[in-house]
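# Fold and geometry: a report
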Amino acid sequence: MLLVWSAVWLGLLAAPSNASPKYLNYTGDIMLGALFPIHHKGSGGAECGKIQLEDGVQPLEAMLYTLEQINKDTNLLPGIKLGMIAFDSCDSPTYGLEQALDFVKGFIAHFNEYHEHEFQCKDGSTPKFRGGGFDQVVAVIGAQSSSVTIQVATMLRLFRIPQISYMATSPSLSDRDRFPYFFRTVPSDVNQAHAMLEILRKFNWTYVSVVYSDNEYGNHGFETLSSLAGKYNVCFSAPQRVNKENFRDSDYDNVLYNIVNKTDVRVVVIFADKSMTQKLMDAAARHGIIGQFVWILCDAWSAASSHRSPDTAFNYRMVGNGLSDAWRDESVMEGALAVQPMSRNLAGFDSYFKSLGPSHGTINPWFEESLKEYCKKQLSAAHYRSAASWLQDSMPTELPEDESTTWTDTTLDITPGTATPGTFEMCEWGRGRGYRQQRYLHFVRDAVYAVAQALHNLQVKECGPGATGVCEKMRHIDGDLLRTYLANVTFNDEGGKPFVFLNGRDGPPRYSILNFQKDTSGHRYHWKIVGNYTLDDKGLPVLNIDHDIISYRKGEAFPASTCATPCAVHQIKIQQREDICCWHCRSCGKYQVKVDEYHCEDCALGSLPSHDHSHCVPIPEEFIDYQNPWAIAAMAVASLGILVTVFVFIIFWTYSDTPVVKASGRELSYLLLVGILASFCVTFVIVAHPTSFTCGLTRFFLGFCYTLCYAAIVTKTNRIARIFSNRPISPHKTRYTSPKSQLVITALLTSVEVVINVSWLMYEPPSVTHSFPTRESRMLICEGLDGYSYMVGLLYPFVLIGLCTAYAVKTRKCPGGFNETRHIAFTNYTAIIIWLAFVPLYLASNSNSIRVVTLAISLSLSGLVQLACLFFPKLYIVLFKPEKNTKEVVMSQHRSSSYLATPTPTNITPVAVVVSAGGMHYVQNSDQLNSDATISAGSVVAELNWKAQQQKLRPQYSPQGVRMWRGKPPTPLGQNFPAHNQSSTSSIREEDSFDISEQASTK
């Protein structure tokens, strides 16, 4: 920063100096800079034009008046006098920037004195710019127009000088990054755009044209209007941009031609400065466009024309005895509406200003020029009144300055009119139409008070409460420090309401709504306040219009300006012509939302449009839980199955030592009951609220339950088949037939399913997802439930069912107590039928409820079938037919068995064969059986089966259950009999669940 200042300082010193410009110097302890458009912008190469009495001189005097009021107030900045240094910006960005450089020079000198001493005079003293005063400037008031203000603010930010504008309204000045040290007491044009759009919405004007100037003010104004128009349902058709520098009268004619011939609008918004607006009105008058449009004007026009002052009113020209064709009738503007910052009279200023005489020129270097211009206009008015009485209420054209007029400090004799020497009223503009206070001086007052209040707060903070004068800590005031205090000031404005900077930089929205109408006499036009746009009690901007006093043309109603009726909230616009503001409305689809004014978009699956089709709303989740009727039905079946399973288990446990239970294989039967019980219990997991945990359990146990059940059945049938296999007697015992071996085999078979399920869960972790059976439903389900992946866990149980069926067929001719072929076959057939019924239903169904219940019911029905086929027959014998629960019945031969012969006639002498450790001997009848002899049933059956085949004997059972032989008795053991270990034990023992005899009784 120091390098920047140094470069600027050296550049300013090296620059050629012209004659010092005029500036006002009102000395004080702390100085404020100021920029006012004392003169119009120059033309034809001139930097400045004519002096501005209202927009230039009055704001300057308003600041002087405010400083006097502050300096008289002992409660505000006690002991400190505020002063000012003011320059004329001539309403020109380049000229105003040049004048503001003097403030920068003074600030550099101040920094050089209080911070780093980089420059000094030859005598060693600190250099002062223009002898001092400029180095005491702490803030700048101004400028008025946005274009000048932006240029000045861009430079002042480099040197951290706070700036407070009283009339610059451009929205770009609200950019905190570009203008961090800028403040304003007037509201931003964003608020003005809102006010204009509120007016359009108030009158239902949705089809509007806009004319805007091609400069900072107009471009930003149009951008703001365009960006906000959609919120107010307003469409701007055929916008016209006007270039002030290059446009001629014919160009303004083309602007109106485009609006009139290319659109059907009845309302035109003008966002341009006063001179461009005036030329557009002149063009409308030339072409007789009267009563066709309602003009909506911005504050730039209303500020200039609301007072009907001679220097800002319409451009009248005298042609002979009347006005030129450029302005025939003020009715071209009749009914127009304008938005202007809310105006208030600055109390006491009228008396102050009227009391100023030529001697005031010692303070205000432009005062004498302004007084001369004011009196010259009074002379022009008197000339026109004497020349044409019918023009007494019209505004005169400027006349060349009368060089013969002399000026003194005491008298200025102008005839006609009464005058008091040394006052403005001596130049009274006939019938009281002389001086009028400019409407926006209170914004100047607020800007000065904002700085004064910030300095006062700084004085209290740095110097202490009750301190007076400039203390040492206030000798140098940093711009950053003052900016902080400015952003937080609070004081009462001219209307007595609290003033604060919105967002720490902008003035609050305060606008008046004006209507151009005839007065009560019906002969003259004037602007009448008909409403306002201000903040309400809640801090929200609100438009208020008094419809009783607003007027269009001779009491007519305001015309409508719509090309199409507004679409409903759920409808979009379909353009009908090239005019983008004309359309017809079309509703969005049932499942679509309105993306913008012209497009609809489908809602994603699982969501539906809101009632106004503005956004998509998620469909409430549906899922199976314990309160669902389907789930209740499935749980009822599972609960019944659990009760039955527990009952069967209790019966089997109670009668575990009976032949029927032993023959069924106790350990494997218990394991089968566990599998069946798990099948029923899994139902409660399947119908639970879907979570990753419950989904994982469902996927694992769906196939595991089937596997556990059929692995036990396969193991049992395989064991029976191996024991009763139809082959010669083996010298070796049948291996792996003990209960422990059977459990290990079942565990190994089941482990295959465990590996499959665990691998499946690791490869595809369980999760929940959403299913959409219909467009208006959203189901929460387990991932994969709506596809085929759940069938993975059922592949292996299918293999076991096939093996189980094969072994059941193989053991179809075993003794009755061991022959479960029919029961197992019926179980398998029923299970297959269940799956053939439920699996297609599961795969084809779109209902998550049916899918879930299908899984649960299929498991439950499978368990019930296994209970009914494999356990209920045995329960029937145990509970209701105990006489059949004997070894004899259990060992009764199947009629088609290949293991044993059919019964023989009773007249054949039976021979009993007893096998003992010493060998085989025959017993003629059952009474000769030794009760202590141990019979190994398996070996006996196998050996006798072999003998029967060799000797073609037909064995049969005696009534006592002992094997009898018809025909030639078998050879003694050891004769014509294959060698084998006679001491080997049977492969079927009492401790086995497959126990066909315990100890043979011999008599």
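Sequence order as written defines the numbering, with residues in each chain counted from 1. Under the rules for a predicted model, residues below a pLDDT of 70 receive no local features and side-chain atom pairs below 80 are neither given nor counted, while totals for whole chains, interfaces and linings still include all residues. Calculated side-chain values reflect all of the structure's heavy atoms, with hydrogen atoms and water omitted.

When DSSP finds at least two bridges between two strands, those strands are taken to pair. Numbering goes from the N terminus for both helices and strands, where a helix is a DSSP run of H or I of at least four residues and a strand is a run of E of at least two. Across five bridges, strand β20 (residues 525-535) lies against strand β21 (residues 541-545) in antiparallel orientation. Pairing of G531 across the sheet is with I545, part of β21.

Take the sheet that holds strand β8 (residues 182-184) next. Judged by pairing direction, the sheet is mixed, and its six strands sit side by side in the order β1-β5-β2-β6-β7-β8 without closing on themselves. Strand pairing shows two members of the sheet lacking a second neighbour, β1 (23-26) and β8, which therefore form its edges. Each strand of the sheet is rotated relative to its neighbour by a mean of 20°, with strand direction disregarded. In this structure, strand β6 (residues 137-141) lies alongside strand β7 (residues 163-165), joined through two bridges in parallel fashion. Bridge assignment links I141 to a residue of β7, and that residue is I164. Contact between two residues is taken to exist if any of their heavy atoms lie within 4.5 Å; hydrogens are not considered. Lines fitted to C-alpha atoms define the axes here, with helix axes fitted over just the stretch in contact, and angles between the N-to-C directions of these axes take values from 0 to 180 degrees. Here helix α12 (residues 441-463) sits on the sheet and contacts β2 (30-36), β5 (82-88), β6 and β7; the angle it forms with β6, its principal contact strand, is near 155°.

Cis peptide bonds are those with omega within 30 degrees of zero, and the linkage from G142 to A143 qualifies with 0°. Residue N503 is not a glycine yet carries a positive backbone phi of 60°. You can see N503 is positioned in the loop between β18 (498-499) and β19 (510-518). Phi is positive for H613, close to 55°, though the residue is something other than glycine.

Residues qualify for a patch when their relative accessible area is over 30% and they have no salt bridge, like charges being joined within 9 Å and the nonpolar side chains of Val, Leu, Ile, Met, Phe, Trp and Tyr within 5 Å. The Shrake-Rupley method, run with a 1.4 Å probe sphere, supplies the accessible areas, and residue values consider only the shown protein chains as cover. Salt bridges are defined as contacts in which a side-chain nitrogen from Lys or Arg sits within 4 Å of a carboxyl oxygen from Asp or Glu. Residues F647, Y655, Y876, L879 and F880 make up a contiguous nonpolar surface patch of roughly 500 Å² in combined accessible area. Of the residues forming the nonpolar patch, the biggest block, three residues, is contributed by helix α21 (residues 848-880). Here F880 lies in helix α21. Burial classes: relative accessible area under 20% of the type maximum marks a residue as buried, over 50% as exposed, and values in between as partly exposed (1.4 Å probe, protein chains only). The class for F880 is exposed, based on a relative accessible area of 59%.

This paragraph deals with the environment of I632. You can see I632 is positioned in helix α14 (residues 629-654). A residue is classified by how much of its surface remains accessible, and I632, at 44% relative accessible area, is partly exposed. The spacing of I632 and F684 is 52 residues in sequence and 9.7 Å in space, taken between C-alpha atoms. Ignoring any residue separated from it by four or fewer positions in sequence, one finds I632 in contact with Y626 and Q627.

Each pair of aromatic rings taken from Phe, Tyr and Trp, with Trp reduced to its six-membered ring, is defined by centres within 6.5 Å and is described as stacked if the planes are under 30 degrees apart, edge-to-face if over 60, and tilted in the remaining cases. One pass over the structure, following the stated rule, counts 32 aromatic pairs. Aromatic side chains F183 and F501 sit 5.4 Å apart centroid to centroid with 50° between the ring planes, which places their arrangement in the tilted category. Of the two residues, F183 is situated in strand β8 and F501 in the loop between β18 and β19; the sequence distance between them amounts to 318 residues. Grouping residues by exposure puts F183 and F501 together as buried. An aromatic cluster of three or more residues is present, and its members are F183, Y449, F491, F499 and F501. Distance and angle both matter: a charge sits over a ring if NZ of Lys or CZ of Arg is within 6 Å of the ring centre and within 35 degrees of the ring normal. The positively charged end of R699 is found above the aromatic ring belonging to W760, 4.3 Å away from the centroid.

Moving on, we come to the packing of helix α17 (residues 692-723) against α21. When two helices pack together, their arrangement is given by the angle between their axes and by how far apart the axes lie. Direction vectors running N to C along α17 and α21 enclose 15°, while the axes themselves pass 10 Å from each other. The angle between α17 and α21 places the two elements in the roughly parallel class. Crossing handedness for the pair α17 and α21: left-handed. Contacts between α17 and α21 involve L702, C705, Y706, C709, Y710 and I713 from the former and L855, S858, L859, S862, Q866 and L870 from the latter. Here the nonpolar group is Ala, Val, Leu, Ile, Met, Phe, Trp, Tyr, Cys and Pro; Asp, Glu, Lys and Arg are the charged ones; every other residue, Gly included, is treated as polar. Class assignment for the residues of the contact of α17 with α21 results in nine nonpolar, three polar and no charged. Note on angle classes: values under 35 degrees are labelled roughly parallel, values over 145 roughly antiparallel, values of 65 to 115 roughly perpendicular, and the remainder oblique. The handedness criterion is simple: a crossing whose near helix is rotated anticlockwise from the far helix by less than a right angle is left-handed, and one whose near helix is rotated clockwise is right-handed.

A few words now on the pattern of salt bridges. As enumerated under the stated definition, the model contains 14 salt bridges in all. In this structure, the salt-bridge partner of D506 is R184, at a minimum N-O distance of 2.9 Å. A residue pair is termed long-range when its members are at least 10 positions apart, and D506 in the loop between β18 and β19 and R184 in strand β8 qualify at 322 residues. One salt bridge in this structure joins E494 and R445, with 3.5 Å as the shortest N-O distance. A residue pair is termed long-range when its members are at least 10 positions apart, and E494 in the loop between β17 (491-492) and β18 and R445 in helix α12 qualify at 49 residues. For E494, a relative accessible area of 23% corresponds to the partly exposed category.

Right, let's talk about helix α19 (residues 795-810) for a bit. Count 3.6 residues to each turn of an α-helix, and residues three or four apart come out pointing the same way. Multiply 1.5 Å by the residue count of a helix minus one, and that product is the helix's expected span. If you check α19, its first and last C-alpha atoms are 24 Å apart, about what 16 residues at 1.5 Å a residue would give, namely 22 Å. The set of residues buried in α19 consists of Y796, P797, L800, I801, C804 and A808. One side of α19 carries all its buried residues, which in axial view fall inside an arc of 145°. Turned more than 90 degrees away from the buried face of α19, the exposed residues are L795 and K810. It is the directions from the helix axis to the C-beta atoms whose arc is reported.

It is worth spelling out the state of the cysteines at this point. Cysteine sulfur atoms are paired as a disulfide whenever they fall within 2.5 Å. Going through the model one piece at a time under the given rule, you end up with eight disulfides. Between C563 and C582 runs a disulfide, and the two sulfur atoms are separated by 1.6 Å. Taking the sign of the S-S torsion, 115° for the link of C563 and C582, the bridge is right-handed. Taken together, the residues C563 in the loop between β21 and β22 (571-575) and C582 in the loop between β22 and β23 (583-587) connect sequence positions 19 residues apart. A relative accessible area of 0% places C582 in the buried class. What pairs with C588 in a disulfide is C600, and their sulfur atoms sit 1.9 Å apart. Looking down the S-S bond of the C588 and C600 bridge, the torsion is -75°, so its handedness is left-handed. Of this pair, C588 sits in the loop between β23 and β24 (592-594) while C600 sits in strand β25 (residues 600-602), placing them twelve residues apart in sequence. Of the residues examined, C588 reaches a relative accessible area of 9% and is grouped as buried. C705 supplies the cysteine sulfur nearest to C709, a cysteine that is in no disulfide, at a spacing of 6.9 Å. You can call C709 buried: its relative accessible area is 1%.

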